[in-house]
Amino acid sequence: MRARGSCLLLLVLALSGAAGAADFLGPESCKGCHPAAYEAWMQSKHARAGDSLSDAQKTDARCLSCHAPDQGSQGVSHVTCETCHGGGQYYSPAYVMKDAELARLVGLVDPSEKSCRGCHDASSPSLKPFDFVESLKAIDHWSAERTGKKGTRAEAPPPEPAKKK
Ligand code: HEC
Ligand code: HEC
Ligand code: HEC
Ligand code: HEC
């Protein structure tokens, strides 16, 4: 079997980094290429989930596990793009993002109903049981993305893709 060089390199990176252990770049890093998705997410409660906690609760691992699960390990608060889609370190570069298969190989996640239920479970304060289809509609940030002004799902990459400092 032969693989393209870049593909093989990224595969090695992904394996050595252990799946799911890629670093987070933060939601601002996605904004330049996914402006519509970013705006829609900003309107959702996920973007402010950490703010629902008092100062004392912000240090309580029991609350952080759902309201800001990546704060301790990645320094990124709230329920962000990468909480659901996986750490962007390896899939964010434009040439990877354009290759749907490669992006998934190096960490891009398609969030499943099960992943929502990891937080929207019986212990969350919602009075109604979690309805996946309804909840998806409430966090829709892909319709705008797909019907973006240029008719493409994502805009052309900016001259300087965001990098972690
Ligand atoms: C350099 C620009 C760029 C950056 C930065 C970027 N993306 Fe993308 N992303 C793209 C492009 C281009 C596509 C492909 C869109 C298409 O096929 O129309 C894409 C596709 C996606 C898809 C859909 C994949 C599929 O095949 O269905 C998701 C989800 C996604 N990006 C999430 C993110 C997240 C989360 C971040 C931040 C961590 C991010 N992207 C950062 C350019 C970028
Ligand atoms: C298992 C995941 C989970 C844990 C753990 C958790 N929460 Fe939540 N929390 C949620 C979810 C999901 C919602 C939104 C419920 C809904 O409206 O559907 C929520 C909503 C809230 C709200 C209401 C916010 C609003 O906008 O009305 C507050 C306040 C809150 N949680 C505080 C806490 C505190 C304090 C802790 C720790 C003692 C905690 N939560 C632990 C999942 C969790
Ligand atoms: C609570 C989890 C969650 C968060 C937070 C989240 N997403 Fe998503 N995202 C999803 C789900 C679920 C889908 C797929 C919906 C579908 O296809 O039915 C999706 C779809 C997308 C798509 C479209 C993929 C396609 O096939 O066209 C893009 C792009 C995207 N997200 C980017 C982002 C960006 C950028 C952020 C942060 C600004 C973000 N997402 C935050 C769950 C999330
Ligand atoms: C890491 C934990 C986590 C995951 C994963 C997660 N959520 Fe949430 N979600 C929350 C928390 C916490 C809140 C409440 C935020 C607040 O108000 O403080 C919330 C709020 C919401 C709300 C708003 C509820 C309201 O009262 O308006 C919707 C809708 C929602 N989530 C849908 C989803 C869907 C759909 C998925 C899966 C694609 C998902 N969530 C995945 C933690 C999570």
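A few points on the structure. All of these numbers come straight from a predicted model, not from anything done at the bench.

The rules behind each value
- Residues numbered from 1 in each chain as written.
- Chains lettered and ligands numbered in written order.
- Predicted model: local features only at pLDDT ≥ 70, side-chain atom pairs only at ≥ 80, totals over all residues.
- Heavy atoms only, no water.
- Near = heavy atom within 4 Å.
- Nonpolar A, V, L, I, M, F, W, Y, C, P; charged D, E, K, R; others polar.
- Polar contact = N/O pair within 3.5 Å; in protein donor to acceptor, adjacent residues only side chain to side chain.
- Helix = DSSP H or I, 4+ residues; strand = E, 2+ residues; numbered from the N terminus.
- Donors = N, O, S within 2.8 Å, 3.2 Å for Na, K, Ca; no water.
- Buried < 20%, exposed > 50% of the residue type's maximum accessible area, 1.4 Å probe, protein only.

1. Quick notes on the site of ligand 2
Here comes step 1: Close to ligand 2 lie 16 residues, the nearest being Gln-57, Arg-62, Cys-63, Cys-66 and His-67.
Here comes step 2: For the shell around ligand 2, the per-class residue count stands at 5 nonpolar, 8 polar and 3 charged.

2. Notes on the site of ligand 3
Here comes step 1: Ligand 3 sits among 19 residues. The nearest are Cys-81, Cys-84, His-85, His-141 and Arg-146.
Here comes step 2: Between His-141 and ligand 3, the recorded distance is 2.8 Å, taken from a side-chain N or O atom to a nitrogen atom.
Here comes step 3: In the model, an oxygen atom of ligand 3 is placed 2.8 Å from a nitrogen or oxygen of the Arg-146 side chain.
Here comes step 4: Elements represented by at least two residues in the shell around ligand 3 include exactly α3 (35-43), α6 (81-85) and α11 (143-146).
Here comes step 5: In the shell around ligand 3, the residues fall into 11 nonpolar, 5 polar and 3 charged.

3. Concerning the coordination of the iron atom of ligand 3
Here comes step 1: Taken together, the protein ligands of the iron atom of ligand 3 are His-85 (NE2) and His-141 (NE2), with distances of 1.9 to 2.0 Å.
Here comes step 2: The exposure class assigned to His-85 is partly exposed, which follows from its relative accessible area of 26%.

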